[in-house]
Amino acid sequence: MDGNGRWAAKRGLPRSFGHKKGAETVKEITRAAGEAGIRFLTLYAFSTENWQRSPEEVSTLMGLLRQYLKTDLQELRKNNVRIRFIGERDMLDADIVAAMEKLEAETAVNDGLTLCIALSYGSRQEIVNAAKKAAALVQKGDMSVEDIDVKLFSDMLYTKDIPDPDLLIRTSGEQRLSNYLLWQLAYTEFYFTPTFWPDFNKNELTDIINDFKTRERRYGKV
């Protein structure tokens, strides 16, 4: 979800206004995804690298997150949405982690759209953590090196029980992955749009989904 800051700067507004408008877009796109029959939607909300931004911007983002957890996600909960969070929780304040865990528990039985929010997330660290888990199990004698395969390793990632994405959409015109789901995106289709995230809407999502439907996915086969 890229382009909040540039959206605001283009209008002569503080970056915080872009983040607030971007939070509204999250609600619209989540509803649209559910209406389109999409079963899993993963949103890159805050990366581990984002902690390096100015203290003022990080504070603004955390404040928005607290509000989002308290109000907007509660609305999604009522709409049969299951909520999952992936990322480095120990980097977040305790009250935020507690609110996240509460929402996950409250929505665990919902069987509509699964909304997976990547928060304080970095894919390289996720892969390193999975490798450490596997190494520890081997060291303890609970499994052998030969037991490690793609499925076992995938089950050690934050996205266990969540299928690999069929489609990645990146807004704002940037064409890079930015340390996002590097393992999971092995055979994902990519779509890059110049639209800033605050301007992204249901109609554009529908157009991108229709484009995706025309693609031939061979997974390395003929």
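Criteria and cut-off values
Residues numbered from 1 in each chain as written. Predicted model: local features only at pLDDT ≥ 70, side-chain atom pairs only at ≥ 80, totals over all residues. Heavy atoms only, no water. Phe/Tyr/Trp six-rings, centres within 6.5 Å; stacked < 30°, edge-to-face > 60°. Helix = DSSP H or I, 4+ residues; strand = E, 2+ residues; numbered from the N terminus. Buried < 20%, exposed > 50% of the residue type's maximum accessible area, 1.4 Å probe, protein only. Salt bridge = Lys/Arg side-chain N within 4 Å of Asp/Glu carboxyl O. Pairing = 2+ DSSP bridges. Axes fitted to C-alpha atoms, helices over the stretch in contact; angles between N-to-C directions. Right-handed = clockwise from strand over helix to strand, strands pointing away. Contact = heavy atoms within 4.5 Å. Expected span 1.5 Å × (residues − 1).

Describing the packing of aromatic side chains
Any pair of aromatic rings gets described here by the distance separating the centres and the angle formed by the planes. Using the criterion set out here, one finds 9 aromatic pairs in the structure. On the numbers, 6.4 Å between centres and 65° between planes, the contact of Tyr121 with Tyr158 is edge-to-face. Of this pair, Tyr121 sits in strand β3 (residues 114-121) while Tyr158 sits in the loop between α6 (150-154) and β4 (167-170), placing them 37 residues apart in sequence. On the numbers, 5.7 Å between centres and 50° between planes, the contact of Tyr187 with Tyr219 is tilted. Taken together, the residues span a long stretch of sequence, with Tyr187 in the loop between β4 and β5 (189-192) and Tyr219 in the segment after α7 (202-213) at a distance of 32 residues. Given a relative accessible area of 41%, Tyr219 falls into the partly exposed group.

Digging into the pattern of salt bridges
Scanning the model with the defined rule gives 19 salt bridges in all. A salt bridge links Glu174 to Arg6; the nearest nitrogen and oxygen atoms lie 3.2 Å apart. Taken together, the positions of Glu174 in the loop between β4 and β5 and Arg6 in helix α1 (residues 4-10) put the pair 168 residues apart, joining distant regions of the chain. When its relative accessible area of 22% is taken as the criterion, Glu174 is described as partly exposed.

What about the sheet that holds β3?
Here 3 strands make up an open sheet; going across it, the order is β1-β3-β2 and the pairing parallel. The sheet is open, and its two borders are formed by β1 (40-47) and β2 (82-86), each paired with just one other strand. On average, each strand axis in the sheet is inclined to that of its neighbour by 20°, with strand direction left out of account. As defined by bridge partners, β2 adjoins β3 across 5 bridges and the pair is classed as parallel.

A word on the environment of Glu28
Structurally, the position occupied by Glu28 is in helix α2 (residues 15-35). For Glu28, a relative accessible area of 32% corresponds to the partly exposed category. Here the alpha-carbon distance between Glu28 and Asn201, two residues 173 residues apart in the chain, equals 7.0 Å.

Focus: the pairing of β3
The buried count for β3 comes to 8 of 8 residues, which makes it a mostly enclosed element. For β1 and β3, the ladder comprises 7 bridges, and the chain directions are parallel. Paired with Phe40 across the bridge in β3 is Thr114. Handedness of the crossover joining β2 and β3 through helix α4 (residues 94-107): left-handed.

Topic: unusual backbone geometry
Look at Ser120: it is not a glycine, yet its phi comes out positive at around 55°. Note on placement: Ser120 falls in strand β3. Despite not being glycine, Asp161 has its phi angle at roughly 75°, a positive value. Structurally, Asp161 can be placed in the loop between α6 and β4.

Section: the side chain of Ser47
Turning to its location among the elements, Ser47 is positioned in strand β1. Overall, Ser47 belongs to the buried group, its relative accessible area being 8%. Ser47 has contacts with Ser120 and Tyr121, leaving out every residue within four places of it along the chain.

Quick notes on helix α5 (residues 123-140)
Every α-helix winds through 3.6 residues per turn, so residues three or four apart in the chain are directed the same way. With 18 residues, α5 extends 26 Å between its outermost C-alpha atoms, agreeing within 8% with the 26 Å of an ideal straight helix rising 1.5 Å per residue. Of the surrounding secondary structure, the elements contacted by the buried residues of α5 are β3 and α6. Directly beyond the C-terminal end of α5, a positive phi value near 85° is found at Gly141.

Here's the deal with the side chain of Thr107
Along the polypeptide, Thr107 turns up in helix α4. When its relative accessible area of 0% is taken as the criterion, Thr107 is described as buried. If sequence neighbours within four positions are ignored, Thr107 has contacts with Arg77, Val81, Arg82 and Ile83.

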